[in-house]
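# A structural walkthrough
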Amino acid sequence: MRVLFVSAEVAPFAKVGGLADVAAALPRALAELGVEVAIAMPKYRGVEGKTRLSPVGSVSVPVAGEEKMCQVLRGWLPEGKVPVYFIAHDPYFDRDQVYGEGGGDYPDSLERFALLSRGALVLAGELGVDILHVNDWHTALVPVLVRAGFGPARVKTVLTIHNLAYQGVFPWARRTALGLPESVASVLEHRGKLNLLKGGILAADLLTTVSPTYAREILERGEGLEEYLRPRAGDLVGVLNGVDYSVWDPETDLHLWANYSAEDPSGKAENKRRLQVELGLEPDPRAPLVGMISRLAEQKGFDLVMEAFDRMMALGVQFVLLGTGDPRYEAFFEKAAGRHPKRVAALITFSEEWAHRIEAASDIFLMPSRFEPCGLNQMYSLRYGTVPVVRATGGLADTVREYDPERGGGNGFTFEEYTPEAMLSALRRAVDLYLRDPEVWKRLMLRGMREDHSWETSAREYLKLYQKLAGS
């Protein structure tokens, strides 16, 4: 079984969101199961310092009306078991950011990711792969090209939708940049625009998304693509993402001030103390510390947090935020830190180190998402003994279960109605338990730490899907 996994971002080489974590962890888990898996991605600026690169050849692909010559270099994921093929084209990929600057995408995003897709097809032919596994709109052109005869004849395609809200929409006139016959380009038309994800949905042999609940949700509320998803419901499978415990485990995490585990969780208190000191919060071990790590986007429920913020702080909590995004959210949390000295810290940046530290130090992790295809932070939180408070949607509903005081079950606190009041009610239940009964809280915390959300289970599901496709 040979699989080429194609993604616009792969950790640690390029990371903007959860896609990068998945694109590194799933191939690694597949390799552990004996799959001959490789990854294709762009060679962005800064890759050189993260792996040793070896030139393996070049590919010529038609984009924007001319042949673009790209060098292909091979590196390796950390631990050296999965090869990564970097498609290098400096005018398109050697830039400061992955997708764009100033809050928007680069104006030539269509051409950039068309080049990635075309290059990956050439590479797939040379590697003799059985399955091309592509991810989100950036690579959704691949199944369209394969279906139209532009790729290896016998290869099967899997398209994973990590977030249906991002579809790769461009003016219809831009289709000429793809160099496709009009009969093929027409598959990409949606409401008078070029829509790459729509084309991938129609053309891929199999569609997957990143949680069972999200797979059901998008058939009803599919961001305008329901009419294409519903006829393919039998080909749509929700496979819950996993956690890479080689990266996210408080027992071995090198970013932490103190390591700890479910067998000896005492180091969690030291991480909380150090974070309070480092970020200027009141060094109070019993103050409930609420953490958020997120893109600052409406999808993530920040309108609820803003509306309820003062009422949340009235519960007696401390609050720490890490993230960047919408300037209005950035400004709100920076001002909130000024209004609540020693109780609120806002890190308007991206930092892998601080993401790990906040997970370890927080008592409660807040994820009030409007929608959430899978979510990873709630699963990181469970492992780190940080009790999640989430809206029951998508993958959050699949991984977080409401605490049951009668039977002692559950692993967090949930709410369904998308309102500040519902969010506050769930948060209040968490804070009340934390303050009222530390021993019960500790049992809840340890229950989450002992859950297994590793990638092995998910990788086995994907392997079954690959085997079924390859044999069809």
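Everything that follows concerns the structure shown earlier in this document.
Because the structure is a prediction, the values reported are computed rather than measured.

## Comments concerning the packing of helix α9 (residues 267–278) against helix α12 (residues 352–361)
Their axes nearest at 8 Å, the elements α9 and α12 cross at an angle of 120°. Put simply, α9 runs oblique to α12. When the axes of α9 and α12 are compared, the crossing they make is left-handed. Across the interface between the two elements, Lys268, Asn271, Lys272, Leu275 and Glu278 from α9 touch Trp354, Arg357, Ile358, Glu359, Ala360 and Ala361 from α12. Looking at the contact of α9 with α12, its residues break down into 5 nonpolar, 1 polar and 5 charged.

## Structural notes on the nonpolar core
Nonpolar side chains in soluble globular proteins tend to be buried together. Counting residues in each nonpolar core, the largest one holds 97 residues, and the members touching the most others are Leu132 and Ile201. Apart from residues no more than four positions distant in its own chain, leucine 132 is found in contact with Leu4, Val6, Leu121, Ala124, Val142, Val146, Val155, Lys156, Thr157 and Val158. Counting residues in each nonpolar core, the second largest holds 38 residues, with Leu304, Val387, Val389 and Phe415 among its members.

## Considering the packing of aromatic side chains
With the rule as written, the count across this model stands at 18 aromatic pairs. Centroid distance phenylalanine 309 to phenylalanine 332: 5.6 Å. Interplanar angle 90°. Geometry classified as edge-to-face. Of this pair, phenylalanine 309 sits in helix α10 (residues 302–313) while phenylalanine 332 sits in helix α11 (residues 327–339), placing them 23 residues apart in sequence. With a relative accessible area of 1%, phenylalanine 309 lands in the buried category. A residue is classified by how much of its surface remains accessible, and phenylalanine 332, at 17% relative accessible area, is buried. Ring centres 5.9 Å apart and planes at 20° place the aromatic pair phenylalanine 319 and phenylalanine 333 in the stacked group. With phenylalanine 319 in strand β14 (residues 318–322) and phenylalanine 333 in helix α11, this residue pair connects regions lying 14 residues apart in the sequence. Linked through ring pairs, Phe302, Phe309, Phe319, Tyr329, Phe332 and Phe333 together constitute an aromatic cluster.

## A short note on unusual backbone geometry
Omega for the bond connecting alanine 11 with proline 12 falls within 30 degrees of zero, at 5°, which places this linkage in the cis form. Assignment of secondary structure puts proline 12 in the loop between β1 (2–6) and α1 (18–32). The backbone phi angle of glutamate 223 is positive, close to 50°, even though this residue is not glycine. As for its position among the elements, glutamate 223 is in the loop between α7 (212–220) and α8 (226–229). Residue glutamate 223 is classed as partly exposed on the basis of its relative accessible area, which comes to 40%.

## Observations regarding the pattern of salt bridges
This structure, assessed with the given rule, holds 29 salt bridges. Measuring nitrogen to oxygen at the nearest pair gives 2.5 Å for the salt bridge that ties glutamate 48 to lysine 43. Overall, lysine 43 belongs to the buried group, its relative accessible area being 12%. Measuring nitrogen to oxygen at the nearest pair gives 2.9 Å for the salt bridge that ties lysine 300 to glutamate 372. In this pair, lysine 300 is assigned in the loop between β13 (289–293) and α10 and glutamate 372 in the loop between β16 (364–367) and α13 (377–383), connecting sequence segments 72 residues apart. Accessibility classification places lysine 300 together with glutamate 372 in one group, the buried group.

## A few points about the pairing of strand β4 (residues 66–76)
Here strand β3 (residues 54–63) runs beside β4; their pairing, made up of 9 bridges, is antiparallel. Bridge pairing in β4 places glycine 57 opposite valine 72. Both β4 and strand β5 (residues 83–88) contribute to a ladder of 6 bridges, which runs antiparallel. Paired with leucine 73 across the bridge in β5 is phenylalanine 86.

The rules we used
- Residues numbered from 1 in each chain as written.
- Predicted model: local features only at pLDDT ≥ 70, side-chain atom pairs only at ≥ 80, totals over all residues.
- Heavy atoms only, no water.
- Axes fitted to C-alpha atoms, helices over the stretch in contact; angles between N-to-C directions.
- Helix = DSSP H or I, 4+ residues; strand = E, 2+ residues; numbered from the N terminus.
- Parallel < 35°, antiparallel > 145°, perpendicular 65-115°, else oblique.
- Left-handed = near helix turned anticlockwise from the far one by under 90°.
- Contact = heavy atoms within 4.5 Å.
- Nonpolar A, V, L, I, M, F, W, Y, C, P; charged D, E, K, R; others polar.
- Core = buried A, V, L, I, M, F, W, Y, C linked by side-chain atoms within 4.5 Å.
- Buried < 20%, exposed > 50% of the residue type's maximum accessible area, 1.4 Å probe, protein only.
- Phe/Tyr/Trp six-rings, centres within 6.5 Å; stacked < 30°, edge-to-face > 60°.
- Salt bridge = Lys/Arg side-chain N within 4 Å of Asp/Glu carboxyl O.
- Pairing = 2+ DSSP bridges.

Such coordinate-based values are descriptive only and should not be taken to indicate function.
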